[in-house]
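If you want the building blocks of each chain, they are given just below.
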Amino acid sequence: MAVLETHIFKAHNNIYIEQPEENYRTREIRTEMVFPDCVNENTGMLVLIPGYGGNIDSHVFRKMREVFAEQYNFITVQCDYFGNRFMDSNEPEEMRLIADMKNIVNAEIYYRMNGFESEDEFNDMGLMQALDIVSTTICAIYEIINKGYVFNTNRIVLFGTSHGSYLAHLANVICPTLYTGLLDVSSYIVPYYLTHYRNLTIKTDKITWTTIYEYLIMKEEKYRYNDNLYNLSFLYQNIKNKCKIIALQGTEDWMVDVNEKEKFISQLDNAQLLIIHPDEVDGVLCKNADHGLGLDFFKFFEVVIPSLDKILGQPKLDIQFPKEVKVGNEETYIKIGYENGLPELKEITW
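Residues numbered from 1 in each chain as written. Predicted model: local features only at pLDDT ≥ 70, side-chain atom pairs only at ≥ 80, totals over all residues. Heavy atoms only, no water.

Colleague: Tell me what's going on with the pairing of strand β9 (residues 207-213), and back it up with residues and numbers.
Modeller: The buried fraction of β9 is high, at six of seven residues. Alignment of strand β5 (residues 107-113) against β9, held across seven bridges, turns out to be parallel. Within the sheet, the bridge partner assigned to A107 lies in β9 and is I207. Taking the residues between adjacent antiparallel strands as the criterion, strand β8 (residues 198-203) and β9 are bridged by three residues. (Buried < 20%, exposed > 50% of the residue type's maximum accessible area, 1.4 Å probe, protein only. Helix = DSSP H or I, 4+ residues; strand = E, 2+ residues; numbered from the N terminus. Pairing = 2+ DSSP bridges.)

Now the structure itself:
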C-alpha cells in the first residue's frame, strides 16, 4: 500500500527581494511525496508539475501521485511552487453572487483581476518556479536516502502539461545532470502569459463570466529579467541535453506554433516530438489536437512509461550534481551554484 507523506523543505529565497544574509534559506516549500509499497533499485522518481488550473491539492494530481506510485513503481513528488496558487481556475465569489440574482438572464460579464499578487509571491512564470522544482527534487532525494532506501537514479522523470511542461524544461536546463526523463505535453517555448492576458470563461445557465487575469509580471518591468532568459531555445543553445525528452504537440494549439515547437525539439539531443493532427484524435487518449490535447493522463502513462523505461535503460544507484551551471551565452545568462547541495542563484542578466 502506498505511503503518503507531507514535507516542508528548504527553498531558495525570493530572488526579487533583497535579503539580508541571515535570512538565507528561511523560505520553505510544502511538498507531497508518495512512496510505493516496496522501494527498491528499480524504483524511480516522478516529479509532477501542474500548470494553469492545477495545484498541489487538485483532485487529479492527488490521484496521479498515488496511482503512478503504485502502478509504475515511482516515488511521486509534487511541490507548491512559487506563485502556483495564483494560477488556479476557481470561480470568483463575485460570480456566484451575481449568478444568484433573480433578475439576471443571459448576462455577459467581464471581470478584471489585478492586485491579487505581491512581490512576496507572484506567478513569475520562470526561474523562481524552476528553482523550487529543482530544490524540491534534491530535498526529496535526501529524504529517500535518509530513510535508508536505494532507488534508481537513472529514472528521475519530470511531467507537466502546458506551463508545467515549460517549467520541466527550465528545471532540466538549470540542473542538467539531475533528470533523466521529461514528458512534455504542449509546452510553449516562451511563457504565453508574459505578453497576453489570461482569459478564463465560465458559463452557467444565467451568465457567461470571463475573468481577465492581469499578472504582476506583465505590469511591473522590475520583476522581469532579460527576455531571452525566458526562451527555451536560447537557454538550451549551449547545453548538451542528456535527459530523454518525449514531447506531444497538437497542430491546432492556439498557444504554441507547431512549426516552432518542431524546430525547437529537433535542435535538442535525445528528444522526440509526436505531432497530433485532428484526424489522429481517438477520443480516448486525446480529445482534441488543441492546447493540452484533452489528454487522459492515466491512459497516457499506460502508453508512454513502458517506452520511456526502455529508452532509459539499466538502473543506476549513484547521482552527481553539478558544481555550477551557466545557461545562455557570454552576455546574457543565468549562473547557479550547487556547492551547498541546493541550487543558489549566483548571477542573472536583468
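Back to the text.
Colleague: Lay out helix α8 (residues 297-312) in plain terms, naming residues and giving numbers.
Modeller: At V304, α8 shows its maximal kink, close to 35°; a proline, P306, follows between one and four residues later. All of the buried residues along α8 are F297, F298, F300, F301, V304, I305, L308 and L312. Contacts from the buried residues of α8 go to β3 (44-49), α1 (59-72), β4 (74-79), β6 (156-161), β7 (181-185) and β10 (244-250). A distance of 3.0 Å separates the backbone nitrogen of F298 from a side-chain oxygen at the start of α8, and that oxygen is part of D296. Phi turns positive one or two residues past the end of α8, at G313, with a value near 80°. (Bend = angle between axes of the 7 residues up to and from the residue. Contact = heavy atoms within 4.5 Å. Polar contact = N/O pair within 3.5 Å; in protein donor to acceptor, adjacent residues only side chain to side chain.)

Colleague: Run through the environment of K263, naming residues and quoting values.
Modeller: Of note, K263 is situated in helix α7 (residues 258-266). A relative accessible area of 55% places K263 in the exposed class.

Colleague: So, the nonpolar core: which residues are in play, and what are the values?
Modeller: M45, L127, I133, V134, I174, Y179 and I334 are the most contacted members of the largest nonpolar core, which totals 82 residues. If you tally residues by element for this core, the top one is helix α3 (residues 127-146), at 11 residues. One finds M64, L248, C286 and F301 within the second-largest nonpolar core, a separate group that totals 25 residues. (Core = buried A, V, L, I, M, F, W, Y, C linked by side-chain atoms within 4.5 Å.)

Colleague: Describe the packing of α1 against α8, and please don't skip the residues or the numbers.
Modeller: For the pair α1 and α8, the least separation of the axes is 11 Å and the interaxial angle reads 30°. When the interaxial angle is binned, α1 and α8 end up roughly parallel. Crossing geometry of α1 relative to α8 is assigned as right-handed. Taking contact as the criterion, the partners of V60, K63, M64, V67, F68, Q71 and Y72 in α1 are, on α8, F297, F298, F301, E302 and I305. Class assignment for the residues of the contact of α1 with α8 results in nine nonpolar, one polar and two charged. (Axes fitted to C-alpha atoms, helices over the stretch in contact; angles between N-to-C directions. Parallel < 35°, antiparallel > 145°, perpendicular 65-115°, else oblique. Left-handed = near helix turned anticlockwise from the far one by under 90°. Nonpolar A, V, L, I, M, F, W, Y, C, P; charged D, E, K, R; others polar.)

Colleague: Would you mind going over the packing of aromatic side chains in detail, with residue names and values included?
Modeller: Under the counting rule described, the total for this entry stands at 27 aromatic pairs. Taking 6.1 Å as the distance between ring centres and 80° as the angle between the ring planes, the aromatic pair formed by Y16 and W350 counts as edge-to-face. Of this pair, Y16 sits in the loop between β1 (3-10) and β2 (28-35) while W350 sits in the segment after β14 (344-348); the two residues are 334 residues apart in sequence, bridging distant segments of the chain. Accessibility expressed as a relative area gives 10% for Y16, which makes it buried. Ring geometry for Y225 versus W350: centroids 6.3 Å apart, planes at 75°, classification edge-to-face. Here W350 lies in the segment after β14 and Y225 lies in the loop between α5 (216-219) and α6 (232-236), a separation of 125 residues in the sequence. Overall, W350 belongs to the partly exposed group, its relative accessible area being 48%. Here the aromatic cluster, defined as three or more aromatic residues joined through ring pairs, consists of Y52, F86, F116, Y192, Y193, Y213, Y215 and W254. Taking the ring centre of Y213 as reference, the NZ or CZ of R198 above it sits at 4.7 Å. Of note, K326 hangs over the ring of Y333, and the distance from its end group to the ring centre comes to 4.2 Å. (Phe/Tyr/Trp six-rings, centres within 6.5 Å; stacked < 30°, edge-to-face > 60°. Lys NZ or Arg CZ within 6 Å of the ring centre and 35° of its normal.)

Colleague: Give a detailed account of α7, specifying residues and quantitative values.
Modeller: Working note: α-helix, 3.6 residues per turn, so residues spaced by three or four point in the same direction. The set of residues buried in α7 consists of V258, K261, F264 and I265. Down the axis of α7, the buried set is contained in an arc of 120°. They therefore lie on one face. Exposed side of α7, more than 90 degrees from the buried face: N259, E260, K263 and S266 are the residues found there. Looking at the buried positions of α7, the neighbouring elements they touch are α4 (163-174), β7, α6, β10 and β11 (271-276). Where α7 begins, the capping side chain belongs to D257, and its oxygen is found 2.8 Å from the backbone nitrogen of N259. (Arc of directions from axis to C-beta.)

Colleague: Give me the lowdown on the pattern of salt bridges, citing residues and values where you can.
Modeller: Under the definition given, this model contains 16 salt bridges. Note that R30 and E32 form a salt bridge whose closest N and O atoms lie 2.9 Å from each other. According to the relative accessible area criterion, R30 is partly exposed, its value standing at 27%. Judged by relative accessible area, E32 falls into the buried class, the value being 10%. (Salt bridge = Lys/Arg side-chain N within 4 Å of Asp/Glu carboxyl O.)

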